[in-house]
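So you can see what is in the structure, the chains are spelled out below.
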Amino acid sequence: MEVRLENVAFAYGRNPPVFEHIDLTLDKPELVCILGPNGAGKSTLMHCMNKLKTPTEGEIFIDGKNLKEYSLKDLAKIVSFVPHTEDTTFSMSVLDTVLMGRIPHAGTVMSSEDIQIAIENIKLLGMEDFALQGFDELSAGQHQKIMIARSLTQEPKLMLLDEPTANLDVKYQMLVMRLLRDVARLKNITVVTICHDLNVTAKYADRVVMLYDHHIYSDGTPEQVLTEENISLLYGIGCQVMELQGRPLIALLDGDELDSHLEDKQVRSDGSED
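The shown structure was predicted, so the numbers you read here are calculated from the model rather than taken from an experiment.

Caption draft 1: Geometry of the pairing of strand β1 (residues 3-10). Inspection of the sheet shows β1 paired to strand β2 (residues 19-26) by five bridges, in the antiparallel sense. When the bridges of β2 are listed, R4 appears paired with T25. Sheet topology places β1 next to strand β4 (residues 57-62); five bridges connect them, and they run antiparallel. Residue pairing in the sheet places A9 in a bridge with E57 of β4.

Caption draft 2: Broad picture of the environment of H105. Looking at the element boundaries, H105 is found in helix α4 (residues 103-106). Judged by relative accessible area, H105 falls into the partly exposed class, the value being 33%. Sequence separation of H105 and K77 is 28 residues, and the distance between their C-alpha atoms is 6.6 Å. Reaching out from H105, the side chain makes a polar contact with the backbone oxygen of Q154 at a distance of 2.6 Å.

Caption draft 3: Here's a closer look at the sheet that holds strand β10 (residues 215-220). Taken together, the six strands give an open sheet; going across it, the order is β6-β7-β8-β3-β9-β10, and neighbouring strands pair in mixed fashion. Edge strands, defined here as strands with exactly one partner in the open sheet, are β6 (79-82) and β10. Direction aside, the axes of adjacent strands within the sheet are offset by 20° on average. Against the sheet, helix α7 (residues 170-187) makes contact with β3 (31-35), β7 (158-161) and β8 (190-194), and its axis sits at roughly 135° relative to β3, the strand it touches most. Along the sheet face, helix α10 (residues 228-235) touches β3, β9 (207-212) and β10 and points at about 40° away from the line of β9.

Caption draft 4: A look at the environment of I34. By the element assignment, I34 lies in strand β3. Expressed as a C-alpha distance, the spacing of I34 and I216, which sit 182 residues apart in the sequence, is 9.8 Å.

Caption draft 5: Quick peek at the sheet that holds β4. A sheet is described by the order of its strands in space; here four strands give the open sequence β2-β1-β4-β5, paired in antiparallel fashion. Strands with a single pairing partner mark the edges of an open sheet, and in this sheet they are β2 and β5 (65-66).

Caption draft 6: View of the pairing of β4. Alignment of β4 against β5, held across two bridges, turns out to be antiparallel. Residue pairing across strands places F61 opposite N66, the latter belonging to β5.

Caption draft 7: Region of interest: α7. The first and last C-alpha atoms of α7 sit 25 Å apart over 18 residues, in line with the 26 Å expected at 1.5 Å per residue. Listed in full, the buried residues belonging to α7 are Q173, V176, M177, L179, L180, R181, V183 and A184. Each element contacted by the buried residues of α7 is listed here: β3, α5 (112-124), α6 (140-153), β7, β8 and α8 (198-204). A distance of 3.2 Å separates the backbone nitrogen of K171 from a side-chain oxygen at the start of α7, and that oxygen is part of D169. Of the residues flanking the end of α7, it is N188, one or two places downstream, whose phi is positive at about 60°.

Caption draft 8: Spotlight on the nonpolar core. In terms of nonpolar packing, the biggest core is built from 44 residues, with I146, I148, M159, M177, L180, V191 and L226 touching the most fellow members. In contact with M159, not counting residues within four places along its chain, are S80, I148, S151, L152, L180, I189, T190, V191 and V192.

Caption draft 9: Spotlight on the side chain of D114. Its place among the elements puts D114 in helix α5. A polar side-chain atom of D114 sits 3.0 Å from a polar atom in the side chain of R102. A distance of 3.0 Å separates a polar atom in the side chain of D114 from the backbone nitrogen of S111. Once you skip the residues sitting within four places of it in the chain, D114 turns out to touch L99, R102, A106 and V109.

Rules of the game
Residues numbered from 1 in each chain as written. Predicted model: local features only at pLDDT ≥ 70, side-chain atom pairs only at ≥ 80, totals over all residues. Heavy atoms only, no water. Pairing = 2+ DSSP bridges. Helix = DSSP H or I, 4+ residues; strand = E, 2+ residues; numbered from the N terminus. Buried < 20%, exposed > 50% of the residue type's maximum accessible area, 1.4 Å probe, protein only. Polar contact = N/O pair within 3.5 Å; in protein donor to acceptor, adjacent residues only side chain to side chain. Axes fitted to C-alpha atoms, helices over the stretch in contact; angles between N-to-C directions. Contact = heavy atoms within 4.5 Å. Expected span 1.5 Å × (residues − 1). Core = buried A, V, L, I, M, F, W, Y, C linked by side-chain atoms within 4.5 Å.

The analysis is restricted to geometry; functional conclusions fall outside its scope.
Structural data, given as structure tokens:
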């Protein structure tokens, strides 16, 4: 499936645009991470892609069809969305929660096939032992796994997740991101996620889209995008980018650490010129 954004912009009322001139094509089964400082428009861009918000300019196409032409029900059959937070004030079993992903296809009457699809995705996430447990009894990391299972139960071609690793400890951050990368390849779908952790992004993303100054500032592999210059510009911090197992490894620097790193770079630069 191809998702294409052409000259997309969004503004709230008469305020300056959150972003503008967004041109982006997604057409591979891969994990795409959207990065950028707070206020860069990451969530707003994702909401435009799933029709929760309407761009003030430009067009979005899914499989050659304008997003405006999709009903919300038809869109939900091919695009799933995992929000930043999920309401857990009501009590439903894990199985019933995941089965909600079948509603765009089956309505409110579930067949044995719908139930089987839900069970298969619960197993895929390693949560079969919790299938009959209450969703509100799970931990934050387990919540995220069930939300991903529900999203997969929609059988989407495009999966959107708004900060799926927020409020998770390091172990679950890595688990969720590795899972999303593997799901993209196993299910042959495009997975797009908003992420703030630079090293988790560097370790698992196939592609990184960096938002800054109201537009896409950089787009490419982690090696191409997660450079010292880009990170320092976007976040206003010093860093040193190294390589570990073929992937960038970012060390944040402050004070004397940053001064020392810059001096070393200058020495190396002067030496190479000689």
